[in-house]
Amino acid sequence: LQETALSEIKDMQSIEQVESLRVKYLGKKGEITSILKEMGKLSAEERPVIGKVANEVREAINDAISSKKEELKNIEKQRKLAEEVLDVTMPAKEFRVGKKHPISKITDEISDIFIGMGFSIAEGPEVETVANNFDALNAPKDHPSRDMSDTFYINEELLLRTQTSPVQVRTMKNEELPIKIISPGRCFRFDAPDATHSPMFHQIEGLVVGKDVTMAQLKGTLDMFVKKLFGENTKTKFRPHNFPFTEPSAEVDVTCFKCGGEGCPMCKGEGWIEILGAGMVHPNVLRNCGIDPEVYSGFAFGMGLDRITMLKYEIDDIRLLFENDMRFLNQF
Ligand code: DAH
């Protein structure tokens, strides 16, 4: 019995198999156990002799099982170690970290400049009311920008905002005075895409409203802003313009940061680049938002973020910004 058991144990390949042998020989109904149970039937002389042998056999099988289990455990451990070995000389998998989109980078940079001047950020929805996008901003009913061919209308009352200016309306209607906000975001116009047009684009809006807000403060604010964005030597030029929501209105040019105003391909030889629209908030707009223009005044400005991104990174086609070509995006 002992010999068979020991040779069976020796051949076992897994801990489970060894365990089944233990049950077979040493378990409650095991072969050795039943022999030991039969001991009572033996004579007083036989009992100690057989008992001794039976116990020795049991010990031997028990030991064999324990050491077999130990051996199998060791084999398993070695196998795992071999399997999990790390080859530190193996080339690592390529690890790609995402990058900020150039428009996001410029948006952050511009936002930081204004935050440094005490502005906070306000956001508005991309689906706007016609009332906020046009009516409250004093756009005449026949203004060309309202045309179906310029604006994505959702229905008679809703549209995809064509500018970030409606955030002015929301802020003036909902916030306490004084107001000092900028509002970056996406805008939409029914334009056929080409190198300078995209039906989806980005603007950043600025609005300051309070007592004694002046045009001089507007000029000072924008002057400081462009110096921080384009460099200390940048100069600004305000040209009279017309926007429905400001009076007076201006377009703002900056000296070309590439040639410093000498004239180069970037500024088409002009030395100046137009980057902003701005003006004093029209009294009608203040009134439409429940603010008394006799007591309060404000200035506002707006600029195209895509255009500024293109200027700063010298990108010559706006479509590149929205094609998500990794070869392009990885350059920033
Ligand atoms: N909303 C104007 C546009 O889309 C940009 C603009 C001009 C915004 C003058 C302003 C502003 O706040 O005062 O062309």
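Definitions and limits used
Residues numbered from 1 in each chain as written. Predicted model: local features only at pLDDT ≥ 70, side-chain atom pairs only at ≥ 80, totals over all residues. Heavy atoms only, no water. Helix = DSSP H or I, 4+ residues; strand = E, 2+ residues; numbered from the N terminus. Rg over C-alpha atoms; globule rule 2.2 N^0.38 Å. Buried < 20%, exposed > 50% of the residue type's maximum accessible area, 1.4 Å probe, protein only. Contact = heavy atoms within 4.5 Å. Areas by Shrake-Rupley, 256 points an atom, 1.4 Å probe, with all protein chains shown as cover. Lys, Arg positive; Asp, Glu negative; His and termini not counted. Charge placed at Lys NZ, Arg CZ, Asp CG, Glu CD. UniProt positions renumbered as here; feature names shortened; annotations may be inferred. Near = heavy atom within 4 Å. Nonpolar A, V, L, I, M, F, W, Y, C, P; charged D, E, K, R; others polar. Pairing = 2+ DSSP bridges. Phe/Tyr/Trp six-rings, centres within 6.5 Å; stacked < 30°, edge-to-face > 60°. Salt bridge = Lys/Arg side-chain N within 4 Å of Asp/Glu carboxyl O. Expected span 1.5 Å × (residues − 1). Arc of directions from axis to C-beta. Axes fitted to C-alpha atoms, helices over the stretch in contact; angles between N-to-C directions. Parallel < 35°, antiparallel > 145°, perpendicular 65-115°, else oblique.

Novice: An account of the overall build of the protein is requested, with residue identities and associated values reported.
Specialist: From N to C terminus, the protein includes eleven helices and nine strands. Its C-alpha atoms give the protein a radius of gyration of 41 Å, more than 25% over the compact-globule value 20 Å for 332 residues. Over its C-alpha atoms, taken along the principal directions, the protein stretches across nearly 125 × 45 × 40 Å. Every one of the 332 residues in the protein was classed for burial, and the buried ones make up 38%. Excluding contacts between residues fewer than 6 apart, the proportion of contacts in the protein whose partners are at least 24 apart in sequence is 65%. Total accessible area on the protein is roughly 19,400 Å²; 53% of this is exposed by carbon and sulfur atoms. In the protein, which carries 43 positive and 53 negative side-chain charges, the distance between the mean positions of the two groups comes to 5 Å.

Novice: Explain the UniProt feature "domain: Aminoacyl-transfer RNA synthetases class-II family profile" (unreviewed entry) in the protein residue by residue, including any values.
Specialist: Mapped onto this numbering, the UniProt entry annotates "domain: Aminoacyl-transfer RNA synthetases class-II family profile" (unreviewed entry) at residues 104-323. With 27% helix and 30% strand, residues 104-323 has its two end C-alpha atoms placed 15 Å apart.

Novice: An account of the site of the ligand is needed here, citing residue identities and associated values.
Specialist: Neighbouring the ligand are 15 residues, the closest being Gln163, Ser165, Arg189, Gln203 and Glu205. Mapped by element, the contributors of at least two residues to the shell around the ligand are strand S5 (200-210), strand S8 (272-281) and strand S9 (297-304). Here the residues of the shell around the ligand sort into five nonpolar, eight polar and two charged.

Novice: Kindly report on the pairing of S9, identifying the contributing residues and their values.
Specialist: Here eight bridges tie S5 to S9, and the two strands are oriented antiparallel to one another. Considered in S9, the bridge of Val208 is made with Phe299. Here S8 pairs with S9 via five bridges, running antiparallel. Its bridge partner lying in S9, Gly279 is registered against Ala300.

Novice: Residues and numbers for the packing of aromatic side chains, please.
Specialist: Remark: the centre distance and the inter-plane angle together describe each pair of aromatic rings, the angle taken between the planes. Counted by the stated rule, this structure contains ten aromatic pairs. When the centroid spacing of 6.4 Å and the interplanar angle of 70 degrees are considered together, the rings of Phe119 and Phe301 count as edge-to-face. Placement of the pair is Phe119 in the loop between helix H5 (102-116) and strand S1 (120-121) and Phe301 in strand S9, with a sequence separation of 182 residues. Each of the two residues, Phe119 as well as Phe301, counts as buried.

Novice: Please give an account of the UniProt feature "binding site: Mg(2+)" (unreviewed entry) in the protein that cites residues and values.
Specialist: UniProt's feature table lists "binding site: Mg(2+)" (unreviewed entry) at Glu247, given in the numbering used throughout. With respect to the helices and strands, Glu247 occurs in strand S7 (residues 246-255). Once residues within four sequence positions are removed from consideration, Glu247 is found in contact with Met280 and His282.

Novice: Could you give an account of helix H10 (residues 305-313), with specific residues and numbers?
Specialist: Inspection of H10 places Leu305, Asp306, Ile308, Thr309, Met310 and Leu311 among the buried residues, and these make up the whole buried set. Next to the buried residues of H10 lie H5, strand S4 (179-188), S5, helix H8 (215-230), S8 and S9. Among the residues trailing H10, Glu314 stands out with phi positive, at a value near 55 degrees.

Novice: Account for the pattern of salt bridges, naming residues and giving values.
Specialist: Tallying each qualifying case throughout the model produces 21 salt bridges. Across the pair Arg239 and Glu251 runs a salt bridge, and its minimum N-O distance is 3.2 Å. Here Arg239, found in strand S6 (residues 236-243), pairs with Glu251, found in strand S7; they are twelve residues apart in sequence, far enough to count as distant. The salt bridge involving Arg319 is made with Asp317; its shortest N-O contact spans 2.8 Å. Overall, Arg319 belongs to the partly exposed group, its relative accessible area being 34%. Three or more residues are tied together by salt bridges with common partners; here these are Glu19, Arg22 and Lys69.

Novice: Help me get a handle on the environment of Leu1, residues and values and all.
Specialist: As for its placement among the helices and strands, Leu1 is situated in the segment before helix H1 (2-11). Those residues in contact with Leu1, other than ones at most four positions away along the chain, are Tyr25, Glu31, Ile32 and Ile35.

Novice: Any chance you could break down H5 for me, citing the residues and the numbers?
Specialist: In a regular helix each residue adds 1.5 Å, so 15 residues correspond to 21 Å; H5 covers 21 Å between its end C-alpha atoms and thus fits that length. When we look at burial in H5, the residues that qualify are Pro102, Ile103, Ile106, Thr107, Ile110, Ser111, Ile113 and Phe114. For H5, the angular spread of buried residues about the axis comes to 165 degrees, placing them on one side. Turned more than 90 degrees away from the buried face of H5, the exposed residues are Asp112 and Gly116. Directly beyond the C-terminal end of H5, a positive phi value near 95 degrees is found at Gly118.

Novice: Would you mind going over the packing of H1 against helix H2 (residues 15-26) in detail, with residue names and values included?
Specialist: Contact geometry for H1 and H2: axes closest at 10 Å, N-to-C directions at 170 degrees. Looking at the two axes, H1 sits roughly antiparallel to H2. Counting all contacts with H1, which are made through Thr4, Ala5, Glu8 and Ile9, the residues of H2 involved are Leu21, Lys24 and Tyr25. Along the lines of polarity and charge, the residues of the contact of H1 with H2 split into four nonpolar, one polar and two charged.

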